[in-house]
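# Chain and residue survey
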Amino acid sequence: MNQVPTEWDKRWITSLRWMREKHHHTLHEASKKSFRRRHVPTNGMPAVVPAASKYRNLSWLPPQLVVPTKLPKESRLPKGYFYPYYGLSKAVWTAYYKNPMSSDVEWDPSFDWNNAFPPTQDGWERPTSDESFALLRLQGPNPWLLRRLKPEGGSRSFEVDYRPYFSGMFADVVCRFDTHEAKLVATAITVGPDTFTPGDPGWEQAKRIANALDARYSAFVSHLLYTHLIVGQAYALSTYALSPSHVLRPFLQFFTYGTLEVNETAYQALLTPKSYFIMSGFLAPEDVRVLFHNAVEAFDFDTWNVPADLSVRGLTGSADQESDPINPYVEDATLVWPVLADFVRQHLADVGIDDASISADHDLSIWYLTLMRGLPNTDHNEPLTLERLTDLLTRLIYNNVVHEICGDLSPILGSEDPADKATINLQKLRSALETGGVTEPTEPASMSDVFLLDQASYVSRFNVTGNGLLEIEPFRFIDDPRLAGAVKSLQGTLIEVQQVLVERNKHRAVTFARMFPRHWEASISF
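Residues numbered from 1 in each chain as written. Predicted model: local features only at pLDDT ≥ 70, side-chain atom pairs only at ≥ 80, totals over all residues. Heavy atoms only, no water.

Counting secondary structure elements, the chain contains 22 helices and seven strands. Among the 526 residues that make up the chain, the fraction classed as buried is 60%. For the chain, long-range pairs separated by at least 24 residues make up 75% of all intrachain contacts whose partners lie at least 6 apart in sequence. (Helix = DSSP H or I, 4+ residues; strand = E, 2+ residues; numbered from the N terminus. Buried < 20%, exposed > 50% of the residue type's maximum accessible area, 1.4 Å probe, protein only. Contact = heavy atoms within 4.5 Å.)

So, about the confidence of the model for the chain. A low pLDDT score tells you not to read the predicted coordinates there in detail. Of the residues in the chain, 87% reach a pLDDT of 70 or more, and the chain-wide mean stands at 87. The element-level mean pLDDT for the chain is lowest in helix H1 (residues 7–31), coming to 67, with helix H6 (residues 163–166) highest at 98. (pLDDT = per-residue confidence, 0-100.)

Here the focus is the pattern of salt bridges. One pass over the full model with this rule turns up 27 salt bridges. When the shortest N-O distance is used, the salt bridge between Asp-130 and Lys-207 registers 2.4 Å. On the criterion of sequence distance, the pair formed by Asp-130 in helix H5 (residues 130–139) and Lys-207 in helix H7 (residues 203–238) is long-range, its members being 77 residues apart. In this structure Lys-207 comes out as buried when scored by relative accessible area, which is 0%. Put simply, Arg-508 and Asp-332 hold a salt bridge, and the shortest N to O gap is 2.9 Å. You can see Arg-508 sitting in the segment after helix H22 (481–505) and its partner Asp-332 sitting in helix H13 (residues 328–350), a full 176 residues away along the chain. Exposure class is identical for Arg-508 and Asp-332. Each is buried. Shared partners join several salt bridges into a network, and the residues in it are Arg-126, Asp-130, Glu-204, Lys-207, Arg-208, Asp-417 and Asp-420. (Salt bridge = Lys/Arg side-chain N within 4 Å of Asp/Glu carboxyl O.)

Per the counting criterion, the structure on display carries five cavities of 30 Å³ or more. Estimates place the volume of the second largest cavity at around 120 Å³. Lining the second largest cavity are 13 residues, with Asn-211, Ile-412, Leu-413, Asp-420 and Thr-423 sitting closest to its centre. If you list the elements that add at least two residues to the lining of the second largest cavity, you get H7, helix H17 (410–413) and helix H18 (418–421). (1 Å grid on protein atoms, 1.4 Å probe; cavity = no way out; pocket = protein on both sides within 12 Å on 5 of 7 lines; lining within 4 Å. Points joined across faces, edges and corners; volume = space filled by probe spheres on them.)

Here the focus is the packing of H7 against helix H16 (residues 386–405). Following both chains from N to C, one finds H7 and H16 inclined at 150 degrees, their axes separated by 10 Å at the closest point. As far as their axial angle goes, H16 and H7 are roughly antiparallel. Along this stretch, H7 crosses H16, giving a crossing that reads as left-handed. Residue-level contacts link His-223, Thr-227, His-228, Val-231, Gly-232 and Tyr-235 of H7 to Leu-392, Leu-393, Arg-395, Leu-396, Asn-399, Val-402 and His-403 of H16. By residue class, the composition of the contact of H7 with H16 is six nonpolar, six polar and one charged. (Axes fitted to C-alpha atoms, helices over the stretch in contact; angles between N-to-C directions. Parallel < 35°, antiparallel > 145°, perpendicular 65-115°, else oblique. Left-handed = near helix turned anticlockwise from the far one by under 90°. Nonpolar A, V, L, I, M, F, W, Y, C, P; charged D, E, K, R; others polar.)

Formed by 147 residues in total, the largest nonpolar core has its most connected members in Phe-220, Phe-251, Phe-292 and Trp-367. Excluding residues within four positions of it along the chain, Phe-292 makes contact with Trp-60, Leu-61, Pro-62, Leu-65, Phe-220, Leu-224, Leu-225, Leu-229 and Leu-271. (Core = buried A, V, L, I, M, F, W, Y, C linked by side-chain atoms within 4.5 Å.)

On to the sheet that holds strand E4 (residues 158–161), then. The five strands lie next to each other as E3-E4-E5-E6-E7, forming an open sheet whose pairing is antiparallel. Each end of this open sheet is capped by a strand with a single partner; those strands are strand E3 (147–148) and strand E7 (194–196). Of the pairings in the sheet, the one linking strand E5 (residues 173–180) to strand E6 (residues 183–191) comprises eight bridges and is antiparallel in character. Paired with Cys-175 across the two strands is Ile-189, which belongs to E6. (Pairing = 2+ DSSP bridges.)

Here we take up the packing of aromatic side chains. One pass over the full model with this rule turns up 19 aromatic pairs. Ring centres of Phe-255 and Phe-343 lie 6.2 Å apart, and the angle between their planes is 70 degrees; on these two criteria the pair is classed as edge-to-face. Of this pair, Phe-255 sits in helix H8 (residues 249–255) while Phe-343 sits in helix H13; the two residues are 88 residues apart in sequence, bridging distant segments of the chain. Here Phe-255 falls in the buried class, since its relative accessible area comes to 1%. Three or more aromatic residues joined by ring pairs form one cluster here, namely Tyr-226, Phe-299, Phe-301 and Trp-304. (Phe/Tyr/Trp six-rings, centres within 6.5 Å; stacked < 30°, edge-to-face > 60°.)

A rise of 1.5 Å per residue sets the reference length of H22, with its 25 residues, at 36 Å; its end C-alpha atoms lie 36 Å apart and thus fit the reference within 8%. Listing the buried residues of H22 in full gives Leu-483, Ala-484, Ala-486, Val-487, Leu-490, Gln-491, Leu-494, Val-497, Gln-498, Leu-501 and Asn-505. Where H22 is buried, its residues meet H8, H13 and helix H21 (474–477). The opening residue of H22 is Asp-480, an N-cap whose side-chain oxygen sits 2.8 Å from the backbone nitrogen of Arg-482. (Expected span 1.5 Å × (residues − 1). Polar contact = N/O pair within 3.5 Å; in protein donor to acceptor, adjacent residues only side chain to side chain.)

Looking at the secondary structure, you find Ser-218 in helix H7. Discounting residues that sit within four places of it in the chain, Ser-218 has contacts with Pro-141, Asn-142, His-223, Cys-406 and Leu-409.

Hairpin connection between E5 and E6: a loop of two residues separates the two successive antiparallel strands, and Glu-181 in this loop has a positive phi of roughly 50 degrees. As paired strands, E6 and E7 are joined by three bridges and run antiparallel to one another. Of the residues in E7, the one forming a bridge with Val-191 is Asp-194. Between E6 and E7, which pair antiparallel and follow one another directly, the connecting turn spans two residues, one of which, Gly-192, has a positive phi of 60 degrees.

Quick look at the packing of H13 against H16 now. The geometry of H13 relative to H16 is characterised by a closest axis approach of 9 Å and an angle of 135 degrees between their N-to-C directions. On the basis of their axis angle, the class for H13 and H16 is oblique. Helix-helix and strand crossings are classified by hand; for H13 and H16 the assignment is right-handed. Together, Tyr-329, Ala-333, Val-336, Trp-337, Leu-340, Ala-341, Phe-343, Val-344, Arg-345 and Leu-348 of H13 and Leu-386, Leu-389, Thr-390, Asp-391, Leu-393, Thr-394, Arg-395, Ile-397, Tyr-398, Val-401 and Ile-405 of H16 make up the contact between the two elements. Within the contact of H13 with H16, the residues separate by chemical class into 16 nonpolar, two polar and three charged.

As structure tokens, this is what we get:
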């Protein structure tokens, strides 16, 4: 590769840096203003079709993904908010697509473009250091795959298994961990037929491979597919099964605001050949197809119920020196979940919903069936009770928490190590495995491989303040006074929760800021 950028490359990097700065400035200026607006709620379900039939270039999409043929009016975001972010994003992607930097310019951390991205604020260091590699499984963008190995009792061994998601597109990868002095310690990584332990020649590259899969799981499975296209969309669509006057319609509209329009943009911008993920080599279109089909098969809605999720994975809410590592996600999630459940439980009582009224509510029965049918591998036959309804509505709000955690890719992709950057192009990584195994270095990353993923990594660190759950003023956006009062009360409780989390993080090696309520969006509209 040519190690020196041409004069054109330097100018191009400078212009792209300016576009990124302009993009971020415009986004946050727009978000300072209220972007919500009132609409007369639509009565009745919109016409729904499989996403594969609506987006013809995406005919490979799993049949479980359905979308409205026409977006209901109240699901749309105001243009003053929508275009400053998505319009400028599209302009950046298009400019790159038409005028890419020279593909033979090898990426180097000293290039001007890299200096435009300040380091993360949470304390993350090189993602393949042994300590950071273990911490990423506890409080990185993907804390949902770590599980205790049997026997469940006092087992000190854990694993992260990527095989269910990457089968048919990458070698089998399984990471194993143990507990030492209340810390999670990586002990072995299996890549294809080979297993590596600390100190082996392939150990460092095995960690890079695991991180490469973790980043793709976070971006395309937990963030895009699960929180947006499955859970968020299932709730947003099921809203229309309720009449405009139903007491739960305001609740569902508030916590799914803008989801359908953002999802439509995601289909058109992130899954097409001009997507920055695909253009950069992060995933090829065929890889996305395989990953989506695998992930739909592996979807488990109980992941959105914290007690059920932790029970299945054999995790507990406290660190036992003999068996459990200190797990920031477990500690914080077990604090947050009851707060959200209490909020839902109290609001249902305030609007007069109990087991008797649920049994007599035809609209609510249709809503429940509509929701269940939109969620793969979910039991349609479990009866709807007050307890079940409380759980389902708490999962809706917790989906927005999940969305924040898996939305920040900077701990993995923000590395300044060229060997880490070389894993950005999945085909290059796959080719290195096929020719020389894990000990074969990946072909060096080019500048054109890297820069759009750096952009995505950088942007993922920020939140839209206009939709932050602690930033909005509910009395301005919610017509139902009971819900407005309930959300305002929830905000007060979440401020107290945040104070607890801030204190906890003072004693952590890396701050788990994505669990702070100040980062949560009221709905998935970013």
